[in-house]
Every structure is written in structure tokens, then in C-alpha cells.
Amino acid sequence: MNCRSEALEVSVEGRQVDEAMLALLHTILLHRSTGKFHYKKEGTYSIGTVGTQDIDCDFIDFSFVRVSSDELDRAIRKAVGEFKDAMGNGMDGMGQISLEFYQKKKSRWPFSDECIPWEVWSIKVNVVNLANEQERQICREKVGEKLGEKVINIVEVINRHEYLPKMPTQSEVDNVFDTSLKDVQPYLYKITFQITDTLGTSVSTTMRRLIKDTLAL
Amino acid sequence: MDSDLSPQDKKDLDKFIKFFALKTVQVIVQARLGEKVCTRSLSSPTGSDWFNLAIKDIPEVTHEAKKALSGQLPGIGRSMCVEISLKTSEGDSMELETWCLEMNEKCDKDIKVSYTVYNRLSLLLKSLLAITRVTPAYKLSRKQGHDYVILYRIYFGEVQLTGLGEGFQTVRVGVVGTPIGTITLSCAYRTNLAFMSTRQFERTAPIMGIIIDHFVERPFGNMGHMRPCNYRAPGEDEGAYNGVEDSQEVCTTSFSTSPPSQVRMSPLSNVDLCNMCNFRGGVHGEMGIPGKEGGIPQQVPVQPCHGAQAEHGRVSSSKHPTLSRSIEVKGVSPCDVLETTFTRKVGAFVNKPGTQVTTASLDLPFAAFAPRAYDLEENDPMVQPPESPATSSPLQGSLHSQGSGESGGPAQDDFVMVDFKPAFSKDDLLPMDLGTFYREFQNPPQLASLTIDVSSQSMAEDLDSLPEKLAVYEKNIDEFDAFVDTLQ
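Now for a quick tour of the structure. From a predicted model like this one, the values you see are computed outputs, not experimental measurements.

About the cut-offs
- Residues numbered from 1 in each chain as written.
- Chains lettered and ligands numbered in written order.
- Predicted model: local features only at pLDDT ≥ 70, side-chain atom pairs only at ≥ 80, totals over all residues.
- Heavy atoms only, no water.
- Helix = DSSP H or I, 4+ residues; strand = E, 2+ residues; numbered from the N terminus.
- Buried < 20%, exposed > 50% of the residue type's maximum accessible area, 1.4 Å probe, protein only.
- Areas by Shrake-Rupley, 256 points an atom, 1.4 Å probe, with all protein chains shown as cover.
- Contact = heavy atoms within 4.5 Å.
- Phe/Tyr/Trp six-rings, centres within 6.5 Å; stacked < 30°, edge-to-face > 60°.
- Lys NZ or Arg CZ within 6 Å of the ring centre and 35° of its normal.
- Buried area = accessible area lost by both parts, 1.4 Å probe.
- Salt bridge = Lys/Arg side-chain N within 4 Å of Asp/Glu carboxyl O.
- Pairing = 2+ DSSP bridges.
- Axes fitted to C-alpha atoms, helices over the stretch in contact; angles between N-to-C directions.
- Parallel < 35°, antiparallel > 145°, perpendicular 65-115°, else oblique.
- Left-handed = near helix turned anticlockwise from the far one by under 90°.
- Nonpolar A, V, L, I, M, F, W, Y, C, P; charged D, E, K, R; others polar.
- Polar contact = N/O pair within 3.5 Å; in protein donor to acceptor, adjacent residues only side chain to side chain.
- Patch = residues over 30% accessible without salt bridge, like charges linked within 9 Å, V, L, I, M, F, W, Y side chains within 5 Å.
- Core = buried A, V, L, I, M, F, W, Y, C linked by side-chain atoms within 4.5 Å.
- Expected span 1.5 Å × (residues − 1).
- Arc of directions from axis to C-beta.

1. Points about the overall build of chain A
Within chain A, the secondary structure is distributed over 5 helices and 10 strands. Per-residue burial for chain A yields a buried fraction of 51% across its 217 residues. Carbon and sulfur atoms make up 51% of the accessible area of chain A, which totals about 10,900 Å².

This is the structure we're talking about:
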């Protein structure tokens, strides 16, 4: 199975990073979360109800909808906070945050379970510094419009109805869904990020170059 | 087309499409209410939340949607449309967007109705939730209130987009293939928000630009009228709406992990969908009513006749709730305005007697405050402050008002001195009552240090005393230094 990969790119001001990332990640997770499964006898199951909540951004002229789950929101905010800290405060820079949905494949001992991604969303972020309040105001509106376009992109991809993991049996539900939350059940996901310095090189590419150079000697 | 579909699947599919259409309308209208929507996630299914999404039902909206559908379902050539438009406080309106639920002939015969179609419809509703916050009408709807309101209209049949003006954009929310056709949900939204009012006010700044064509006769006048995206409290509608034909409908929340041949439905107990309406009662998103404060004030602070027209223009762009009500009285003829008695209340500490005037005698804005021939400037309290309490008589001013039936010119001779009785004071218990306190402290004596008495001191004496003062300050220098340290 090939992993489906989608890339989004946004340019924001430093203080807009949090909200822009939350808006996009929550929009994706809204579509990739279901209600809690309740398995019954005879191989049937029922699904709980997913509530939604409108969120207004403070630094961007934009509102988005997220799943009504404080636990999920906390987890996403934590990841976004770490990403923002890694990006540095108020400095120009580039980074990329990735939301990866995966399935677990059980392996025999001593091998650990394999995580097989089936959908990866990569959001490239360019952080810009603005000189005055007028530019910031324009940025508020522009970023809001851009995020709207990104939401439309996300919806378009999701509604292609491409591969989704099969609905699991009760014994395998933890291989497909994150059942740790008490109110909703997103597909298993992980959030990773990568920071690029102002020279346009990432830490990983720098290391790769160093190793290559060393081996070439 | 339907030959491969089992009767049960056909029945389920019709039910899914019907409730999907109803939920679509709810999501769209609720997104235009002007307030943030928030629903709770429930870990256990209730049996009444269609598509596993907590979307509350506004009874009026459901009623309108069912009325538009008239027992039919969206199908090929029969689209369900929700039209969102804006109506200003002056009565001008403009279509903002049209949401279309359509079906085309492309069928997916292999798709599982009870599972895949249902889940994809759920996904499509989530997409609709996301997209409704992204189109330009969302921001407009969040700012609605005194200047304009948002209206919705549901119609069934052919999609008409001519009211959206030139250059409208279309966004596709999503598609779901079914054995009888492919359901598509899309939105066409206006990009040109310019309009012009044919009722031009000279001093009015246009709210949004110049109208071009919004007074065109509506092509669907017989297909329903615009409704405000307005929610009434549950108590008002519970008895009115009768959903008898749906009272026995249940929503599918049970699935099977077995292979397709063994798929079974486990129907839940019958649930009355009308009971789903437990919308929070605190929603005051009454979009159709300009001005959120209730009631027209009994005494409108009337502006003079010739200024009224200008005032309308200003009011329409103002957000002051009280002033916005003057829109309601714009139908009043000038002569009615002339007959209104304008009662001027005299401030508590004003020495001048109150003056009762009618609007007939006012031909300038705030004319009541203009200087008059009989008012001598030296008697005007605004020019000559009253003397200090020790030498002056108690305040002669009082709160003075008369009934609205009286009218006439200057009424100084009719002025009646009334003891000042401040609100909430008991004047019989304290030695110094509140009124006396007010009078005494209204005109405090001047500070002695600010009094300049030329005869008692001269510049030379000031200079002579300076060295002594400096010596004292030097003596206490440590104290001053310690004080400065505490400030740091």
C-alpha cells in the first residue's frame, strides 16, 4: 500500500504560527476522527457522537471548526507549542510540521510493532517578520484568506475518498484508532516537525552532508 | 438503475438522503446565525444523532426544509438549494451564496449503502461544517446586527445563480457516490459585494458600495419567502411543529465488522426526533431583529424635523442601540414630530430654572441649549459659576419635569422651588444629609496655598527665606536619599 502524501504551505507572522497550525491540524483531524466505538455481541458495533466547536483566531481573521474534545485539543496544542518553540520566537525561519496517520502491524517478539503510514499531511511554514502595524493588519487578512484556501484543499483531498483503513474488529481497534481519548476516536496519528534555518538547510540535511563528506575522504 | 438495490437498501438510502438534506440545511443556517456553534461529543451513541455528528435541529429550519422538499427527495434534476442573503436595515437585500445539494446520474453500484454511503455522508457533513466557516458570508454573518441581517431561503428544483452577480465563485464541498446517483454538495458565493441603494441619503456613507441590480423581481417569488436566520426559544415552537411522519425514524448507529454477506442492522428503540431539539436556551442570535435591546423608548430623543433625514443615514451606520430605533419611526410624518413635547430636564445643580419647549420651537439641533435673548450671560451658570456655599443661598435648581401634555414658551414664572431630594438618601437621620453634603462640597473654597495675596509677601522676602529652607533640606538629606532609594 502506498502512503498518500499531501503538502500545504503557509507564510505567517511569528505570533500567527500557533493558530495557523491549529486551524489546519484540527480541520484534518475533524475529518479523521469518529465517535467512540462500542462493540456488541454478534460482531456489531455502535459509534458515539462527535461534537464540534467554532474557534476564532486572535491573530488571524479566521475561524475554524474543531472536534469538541479537550483531550485532543491539548495534545495538538502541545505538539504545536513544541514546534513553535523549536522555530524560535520572532525570527525569520522555515519549518515543517507533519501529521501522519498510520496503522500498527503486530510483529512477533522480539520485534516491535510496525507503524505503517497511510496518509501524511505536511505543512510547510514560512515565518516572516513585519515592520509595522499596518503590515500586520494586512497580514491578518491575507493569512486568513490563505488558510481558507488550505481548508478547501484539505476538504477536496479528503472527499476523494481514497484509501481508508478497514473498520477493525474489537481486538484490532487499537491498531487503527487512538482509543485513549474518552470522547472521540481519531485514527492513529503522530505529529513530527522539522526546522529549517534561514539558510534554507535543515538540520537533517546538514548532518547528511557532513557524513557524506566524511565518508568521501 | 435501482434493479440491483435491495428493498431494504433502497429504503435505507432514501432515509439517509432525506436526513442528510435536513442536516445540511441545519449546518448551513446555524453557521449563519452569527454566533459560534458548540456541541458536545458523546462517547455513547444516543440513537438520535444522525451521521454520528452532534448537529442540533432548529425546529423552524427543519420545518422550512420539509416544506420545501414537500415529501420529495433531492434527486437527478431535483436539487435542494439554500440561499443566503443579506438585508440591510434600510430594506436593501443582496444574495450572498447558494448552497446546492444535487444528484447526477453517475452511479456506484458496488458501494455498500448501510456502511460506506453512511460514513461518507458523515464525512461530507464534516466538510460542510469546515467550508461554511470559510466562505465570505461567514464573516458577514458574524458581524450582523443593527446594520444588516442574514436571511435564508430553501427551495427545491432547478438551481438559479443569477442573483449572485458577475464573477461568483464556486467551491465544491464533496461528493458521495451511491447506487442511484452521485450526491454533490457545492456552494456558489458572490465575490462582488458592491451595491447601491436607490433611496439615497445625502449624508449617508454607503455601507458596502454601490448596488447595481438588487431590486430585480425575484424569480422564485412563489417558491417561498426569505426567512431570517433566527432562532426562537424552544418553548415557542415545541407545540407548533408537528413531525408526525418522522417521529418513528431512527438513525443508524450500529454497524457490523462481519463480511458483507452477514451485515445486519440492529435497530434501536424508536426515538422521537423532535426530542433532539435541546438547543441551548441562551442563544440570542436573533439575526432578523436590528438592535438587541428591547422596546422602543417611550420618549425618543427627537431631533428636529429637517435634521431627521440626515439622522437616518447616520443611524444606519451607527451601532448605537437606542438611536437605531429611530429607524422604526421614520414613517412618522413631520407634523407628528412637531407635536411631540420635548421635556428638558434641568440638572441638579443648575441655578437657572428649567425651560419647557416644544419641538415646534426648535429649528436647530440642540436648540434648547442655544443662548436666548432673555438669558443674560452673567446669569448663565455655565459662564459664571455659583458662589461658594457660605455666601450663597441653597441651590435653587432641582430636578424638574412636567407631563408631556404641556407645551409653551419660556416658563420662568412657573418655576417652583422644590427642595433637593437626592435619590436614596434619608434626610431625617443624619446631622448632615446628602443634599447638604452635595451643596457644601459642590463649591469648595480655594486652597490657601493657591491664594496669591500680593500685599503680604514680596519677592525679596521669598528670596531671603530661601537659604534657611535650603539649610533645613541639607540637614535632612539622608532622609531624602533613603526615600529615593525606596523608589528604585
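2. Overview of the overall build of chain B
When helices and strands are counted, chain B shows 11 helices and 9 strands. Burial statistics for chain B: of 488 residues in total, 40% are counted as buried. Relative to all contacts within chain B whose residues are 6 or more apart in sequence, the contacts with residues 24 or more apart total 77%. Carbon and sulfur atoms make up 55% of the accessible area of chain B, which totals about 27,700 Å².

3. Thoughts on the packing of aromatic side chains
Taken as a whole and assessed by the stated rule, the structure comprises 17 aromatic pairs over all chains. Seen in terms of ring centroids, Phe16 of chain B and Trp50 of chain B are 6.4 Å apart; in terms of plane orientation they differ by 70°. Their pairing is edge-to-face. Within this pair, whereas Phe16 of chain B is found in helix α1 (residues 7–31), its partner Trp50 of chain B is found in the loop between α1 and α2 (59–69), the two being separated by 34 residues in sequence. You can call Phe16 of chain B buried: its relative accessible area is 0%. In this arrangement the basic side chain of Lys190 of chain A is found over the ring face of Tyr102 of chain A, its NZ or CZ atom lying 5.2 Å from the centre.

4. Notes on the interface of chain B and chain A
Where interface size is quoted, it is often the accessible area lost as the parts come together. With 42 residues of chain B in contact, the opposing surface of chain A contributes 41 residues. Across the interface of chain B and chain A, roughly 3,500 Å² is buried in total on both sides, 54% from carbon and sulfur atoms. Summed over the shared surface of chain B and chain A, the number is 3 salt bridges. Between Asp56 of chain A and Arg142 of chain B there is a salt bridge, with the nearest N and O atoms lying 2.7 Å from each other.

5. Looking at the sheet that holds strand β7 (residues 93–105) of chain A
All names here are of chain A. Reading across from one edge, β1-β8-β7-β10 is the order of the 4 strands in this open sheet, with mixed pairing throughout. Among the strands making up the open sheet, the edge pair consists of β1 (4–13) and β10 (189–196). Across this sheet, the average inter-strand angle for adjacent strands is 20°, counted without regard to direction. Judged from the 8 bridges that link them, β7 and β10 form a sheet pairing that is antiparallel. For Gln96, the partnering residue across the bridge sits in β10 and is Gln194. Helix-sheet contacts for helix α3 (residues 133–158) involve β1 and β8 (114–128), and the interaxial angle to β1 is about 170°.

6. Quick look at the packing of helix α1 (residues 17–31) of chain A against α3 of chain A
Residues and elements named next belong to chain A. Their axes nearest at 10 Å, the elements α1 and α3 cross at an angle of 20°. Taken together, the axis directions place α1 and α3 in an arrangement best described as roughly parallel. Helix-helix and strand crossings are classified by hand; for α1 and α3 the assignment is right-handed. Residues Ala20, Ala23, Leu24, Thr27, Ile28 and His31 of α1 lie in contact with α3, whose contacting residues are Leu147, Lys150, Val151, Ile154, Val155 and Ile158. Residue composition of the contact of α1 with α3, grouped by class: 9 nonpolar, 2 polar and 1 charged.

7. Details of the pattern of salt bridges
All names here are of chain A. Scanning all chains against the criterion turns up 23 salt bridges over all chains. Notably, a salt bridge pairs Asp73 with Arg77, separated by 3.0 Å at the nearest N-O pair. Placement of both Asp73 and Arg77 in helix α2 (residues 70–87) is noted, with a separation of 4 residues, approximately one turn of the helix. One salt bridge in this structure joins Glu149 and Lys146, with 3.5 Å as the shortest N-O distance. With Glu149 and Lys146 both in helix α3 and 3 residues apart, this pair spans about one turn of that helix. Judged by its relative accessible area of 40%, Glu149 falls in the partly exposed class. By relative accessible area, Lys146 is classed as partly exposed at 42%. Through salt bridges with shared partners, a single network forms among Arg4, Arg32, Glu119 and Glu162.

8. A short note on the side chain of Gln144 of chain B
Residues and elements named next belong to chain B. Relative to the helices and strands, Gln144 is located in the loop between α4 (136–142) and β3 (148–157). What makes Gln144 buried here is its relative accessible area of 10%. At 3.1 Å, the side chain of Gln144 forms a polar contact with the backbone oxygen of Arg32.

9. Here's the deal with the sheet that holds β3 of chain B
Reading across from one edge, β4-β5-β2-β1-β3-β6 (chain B) is the order of the 6 strands in this open sheet, with antiparallel pairing throughout. Looking along the sheet, the strands with just one partner apiece sit at the ends: β4 (169–178) and β6 (227–228) of chain B.

10. A word on a nonpolar patch on the surface
Residue and element names in this part refer to chain B. A cluster of nonpolar side chains, contributed by Met459, Leu463, Leu466, Leu470, Val472, Tyr473 and Phe480, occupies part of the molecular surface with about 720 Å² of accessible area. With 6 residues, the top contributor of residues to the nonpolar patch is helix α10 (residues 459–475). Mapped onto the fold, Leu466 is located in helix α10. For Leu466, a relative accessible area of 41% puts it in the partly exposed group.

11. Things to note about the pairing of strand β5 (residues 181–189) of chain B
Residue and element names in this part refer to chain B. The buried fraction of β5 is high, at 9 of 9 residues. Across 8 bridges, the pairing between strand β2 (residues 93–104) and β5 is antiparallel. If you follow Asn104 over to β5, its bridge partner there is Thr182. Both β4 and β5 contribute to a ladder of 9 bridges, which runs antiparallel.

12. Here's the deal with the packing of α1 of chain A against α2 of chain A
Residue and element names in this part refer to chain A. Packing of α1 against α2 leaves a shortest axis separation of 10 Å and a crossing angle of 140°. Classed by the angle they form, the pair α1 and α2 counts as oblique. Viewed along their axes, α1 and α2 form a crossing whose handedness is right-handed. Side by side, α1 and α2 meet where Val17, Asp18, Met21, Leu22, Leu25, His26 and Leu29 of the first sit next to Leu72, Asp73, Ile76, Arg77, Val80, Gly81, Phe83 and Lys84 of the second. Residues belonging to the contact of α1 with α2 are distributed by class as follows: 9 nonpolar, 2 polar and 4 charged.

13. Regarding the nonpolar core
As a rule of thumb, nonpolar side chains are buried together in soluble globular proteins. Membership of the largest hydrophobic core comes to 115 residues, with the highest contact counts inside it found for Met21 and Val125 of chain A. Setting aside residues up to four positions removed in sequence, Met21 of chain A forms contacts with Val10, Val80, Phe83, Ile97, Ile123 and Val125 of chain A.

14. Regarding α2 of chain A
All names here are of chain A. With 18 residues, α2 extends 25 Å from end C-alpha to end C-alpha; this agrees with the ideal 26 Å at 1.5 Å per step. Residues Leu72, Asp73, Ile76, Ala79, Val80, Phe83, Lys84 and Met87 constitute the buried set of α2. Along the long axis of α2, the arc covered by the buried residues comes to 140°, so they all point the same way. Exposed residues pointing more than 90 degrees away from the buried face of α2 are listed as Arg74, Lys78 and Asp85. Directly after α2, the chain includes Gly88, whose backbone phi takes a positive value near 90°.

15. A look at unusual backbone geometry
All names here are of chain B. Of note, the phi angle at Phe51 is positive, near 60°, even though the residue is not glycine. Here Phe51 is to be found in the loop between α1 and α2. Taking relative accessible area as the criterion, Phe51 reaches 0% and is therefore assigned buried.

These figures come from the coordinates and say nothing about function on their own.
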